[in-house]
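Each chain is listed here by its residues.
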Amino acid sequence: MGLAWAACLVAISSVAGCSGYRPAPAAFHEAINQPYMLDAGDTIRVTVFDQSDLTNTYAVDQSGYIAFPLIGAVAARGRTVQQIEGQIAAQLRNGFLRDPDVSVEVDQYRSIFVMGEVGASGQYQYVPGMTVQNAIAAAGGFSARANQANADVTRKINGRVITGRVLISDPLLPGDTIFVRERLF
């Protein structure tokens, strides 16, 4: 009877220990391979060939728009740079330029946030190709109590905010929030 009781306690403790575990859903990892969608905090570089007055960097504001000369507010949130190129070119064709040649690229990505058991929690600049480990290094590395195997990442995907547990070698996206948990032992 004692052996059965001990086996039962081990099973219960393993289930209880996993109750807070939230593995990252498939959409979480698929978002890495999708075209980059602009959002508030991004800065884009718009080049209009032979139009130096229109060529400049533009920030995506909190409402998801950029203020572009001649045509006014251009919706950028949830759009790719290619979609913005087409949108600006089409609006410039409407009475401003005959055949505008527009190029758009991301000049600066929105920030990431690192919290929890790190040297200095805060907001950090995203760099293309950045991993969870790179973000933790930027935040001063792990604290003495940090769980160094994985971290929780919160990411906005298709308008929904999703949190998943990932390895520290996993890639990040602009706007992600990384939370480094305290280790149990």
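Note that the structure is predicted; figures quoted are calculated from it, not measured. (Residues numbered from 1 in each chain as written. Predicted model: local features only at pLDDT ≥ 70, side-chain atom pairs only at ≥ 80, totals over all residues. Heavy atoms only, no water.)

1. What about the pairing of strand β10 (residues 177–180)?
Turning to step 1, where the next piece is worked out: Here β10 shows a buried face lined by Ile178 and Val180 and an unburied face lined by Thr177 and Phe179.
Turning to step 2, where the next piece is worked out: Pairing of strand β6 (residues 112–116) with β10 involves four bridges; the strand directions are parallel. Across the sheet, Phe113 pairs through a bridge with Thr177, a residue of β10.
Turning to step 3, where the next piece is worked out: Of the strand pairs in this sheet, strand β8 (residues 150–157) and β10 are connected by three bridges, and their pairing is antiparallel. What sits directly across from Val153, in β10, is Ile178. (Buried < 20%, exposed > 50% of the residue type's maximum accessible area, 1.4 Å probe, protein only. Helix = DSSP H or I, 4+ residues; strand = E, 2+ residues; numbered from the N terminus. Pairing = 2+ DSSP bridges.)

2. Concerning helix α3 (residues 81–93)
Turning to step 1, where the next piece is worked out: With 13 residues, α3 ought to run about 18 Å at 1.5 Å a step, and its terminal C-alpha atoms sit 18 Å apart, in line with that.
Turning to step 2, where the next piece is worked out: Residues of α3 that are buried include every one of Val81, Ile84, Gln87, Ile88, Ala89 and Leu92, and no others.
Turning to step 3, where the next piece is worked out: Lining the buried residues of α3 we find β1 (43–48), β3 (65–68), β4 (72–75) and β5 (102–108). (Expected span 1.5 Å × (residues − 1). Contact = heavy atoms within 4.5 Å.)

3. Thoughts on the packing of aromatic side chains
Turning to step 1, where the next piece is worked out: This model, assessed by the stated rule, comprises three aromatic pairs.
Turning to step 2, where the next piece is worked out: Plain terms: the ring middles of Tyr58 and Phe68 are 5.0 Å apart, the flat faces sit at 45 degrees to each other, and that makes the pair tilted. In this pair, Tyr58 sits in strand β2 (residues 56–59) while Phe68 sits in strand β3, placing the two residues 10 residues apart along the sequence. Across the pair, exposure class does not vary: Tyr58 and Phe68 are buried alike.
Turning to step 3, where the next piece is worked out: A ring pair is formed by Tyr109 and Tyr126, whose centres lie 5.3 Å apart and whose planes are at 75 degrees; its orientation type is edge-to-face. With Tyr109 in the loop between β5 and β6 and Tyr126 in the loop between β7 (122–124) and α4 (132–138), this residue pair connects regions lying 17 residues apart in the sequence.
Turning to step 4, where the next piece is worked out: Overall, Tyr126 belongs to the buried group, its relative accessible area being 9%.
Turning to step 5, where the next piece is worked out: Three or more aromatic residues link up through ring pairs in this structure, and these residues are Tyr36, Tyr109 and Tyr126.
Turning to step 6, where the next piece is worked out: Above the ring of Phe28, the side-chain terminus of Arg155 is found at 4.3 Å from the ring centroid. (Phe/Tyr/Trp six-rings, centres within 6.5 Å; stacked < 30°, edge-to-face > 60°. Lys NZ or Arg CZ within 6 Å of the ring centre and 35° of its normal.)

4. Describing the sheet that holds β7
Think of a sheet as strands paired side by side through backbone hydrogen bonds, with each pair either parallel or antiparallel.
Turning to step 1, where the next piece is worked out: Overall, mixed pairing links the five strands, which are arranged β7-β6-β10-β8-β9 in an open sheet. Both edges of this open sheet fall to β7 and β9 (160–167), since each of them pairs with a single strand only. Neighbour-to-neighbour, the strand axes of this sheet turn through a mean angle of 25 degrees, independent of strand direction. (Axes fitted to C-alpha atoms, helices over the stretch in contact; angles between N-to-C directions.)

5. A short note on the sheet that holds β5
Turning to step 1, where the next piece is worked out: Spatial strand order, β2-β1-β5: three strands in an open sheet with antiparallel pairing. Since the sheet does not close on itself, it has two edges, and those belong to β2 and β5, each with one partner. Sheet twist, expressed as the mean angle between neighbouring strand axes with direction ignored, is 30 degrees.
Turning to step 2, where the next piece is worked out: Relative to β2, β1 runs antiparallel, the two being bridged by four bridges. Residue pairing across strands places Ile44 opposite Tyr58, the latter belonging to β2.
Turning to step 3, where the next piece is worked out: α3 contacts β1 and β5 of the sheet and is inclined by roughly 135 degrees relative to β5.

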